[in-house]
Amino acid sequence: MTDSKTILIIEDEKVILHTLKDFLEVEGYDVLIAGNGLVALELLNNTPMPDLLLLDMKMPKMNGWEFARAYSENFKERAPIIVATAAVDAEQRARDVNAIDWVEKPFNLDILLEKIKKYTFQ
Ligand SMILES: [Mg+2]
């Protein structure tokens, strides 16, 4: 595929991170990964802006809220964020970080893929 969309997954749980990476790569996406917000910021400073960010909220070193603040302060052209959360107040969390949408944990991969397609226009 010549114009694959790139998804950045920011998630501290390694099993989830790699499961999602494998799943999305099979679906034809290019996938970047970061184990916390700090790693994600460093990555974004050194790579073209991805098409979409999938953001976990609870992470060590730099959590989703801290990441979102730094992201909006440091990048003018920003990819939309989808929040991934097990919280009952998922919608509020999405609003907290100006996310375009959210997905619930544990993941329903069909729903996740549907939303990723929607926001990457695929
Ligand atoms: Mg987490």
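Residues numbered from 1 in each chain as written. Predicted model: local features only at pLDDT ≥ 70, side-chain atom pairs only at ≥ 80, totals over all residues. Heavy atoms only, no water.

Draft legend 1. Representation of the overall build of the protein. In terms of helices and strands, the protein carries 5 helices and 5 strands. Listed N to C, the secondary structure of the protein is β-α-β-α-β-α-β-α-β-α in terms of helices and strands. Against the 2.2 N^0.38 benchmark of 14 Å for 122 residues, the protein shows a C-alpha radius of gyration of 13 Å, consistent with a compact globule. A principal-axis box enclosing the C-alpha atoms of the protein has dimensions of 35 × 35 × 25 Å. Here the protein holds 122 residues, and 47% of them are scored as buried. Contacts in the protein between residues far apart in sequence, at least 24 positions, make up 62% of those at least 6 positions apart. Accessible area of the protein: about 6,900 Å², with a carbon and sulfur share of 49%. Computed over 14 positive and 21 negative side-chain charges, the separation of the two mean positions in the protein equals 4 Å. (Helix = DSSP H or I, 4+ residues; strand = E, 2+ residues; numbered from the N terminus. Rg over C-alpha atoms; globule rule 2.2 N^0.38 Å. Buried < 20%, exposed > 50% of the residue type's maximum accessible area, 1.4 Å probe, protein only. Contact = heavy atoms within 4.5 Å. Areas by Shrake-Rupley, 256 points an atom, 1.4 Å probe, with all protein chains shown as cover. Lys, Arg positive; Asp, Glu negative; His and termini not counted. Charge placed at Lys NZ, Arg CZ, Asp CG, Glu CD.)

Draft legend 2. How the structure looks around the UniProt feature "domain: Response regulatory" (unreviewed entry) in the protein. The positions UniProt marks with the feature "domain: Response regulatory" (unreviewed entry) are residues 6–120. In residues 6–120, helix accounts for 44% and strand for 21%; the two terminal C-alpha atoms are 9 Å from one another. (UniProt positions renumbered as here; feature names shortened; annotations may be inferred.)

Draft legend 3. Focus on the UniProt feature "modified residue: 4-aspartylphosphate" (unreviewed entry) in the protein. Mapped onto this numbering, the UniProt entry annotates "modified residue: 4-aspartylphosphate" (unreviewed entry) at D56. Tracing the backbone shows D56 in strand β3 (residues 52–56). D56 has contacts with I10, E11, D12, G64, A84 and K105, leaving out every residue within four places of it along the chain.

Draft legend 4. Region of interest: the packing of helix α1 (residues 14–26) against helix α5 (residues 109–119). Running from N to C, α1 and α5 point in directions that differ by 60 degrees, and their axes come no closer than 12 Å. Judged on the interaxial angle alone, α5 and α1 are oblique. Considering how the two elements wind past one another, α1 and α5 form a crossing that is right-handed. Residues L20, F23 and L24 of α1 lie in contact with α5, whose contacting residues are L109, L112, L113 and I116. (Axes fitted to C-alpha atoms, helices over the stretch in contact; angles between N-to-C directions. Parallel < 35°, antiparallel > 145°, perpendicular 65-115°, else oblique. Left-handed = near helix turned anticlockwise from the far one by under 90°.)

Draft legend 5. Seen up close, the coordination of the magnesium ion. The protein atoms that coordinate the magnesium ion are D12 (OD), D56 (OD) and K58 (O), at distances of 2.1 Å. Counting residues between consecutive donors of the magnesium ion along the chain gives the motif D-x43-D-x1-K. With D12 in the loop between β1 (6–10) and α1 and D56 in strand β3, the pair connects residues that are 44 residues apart, well separated along the chain. The class of D56 is buried, set by a relative accessible area of 5%. (Donors = N, O, S within 2.8 Å, 3.2 Å for Na, K, Ca; no water.)

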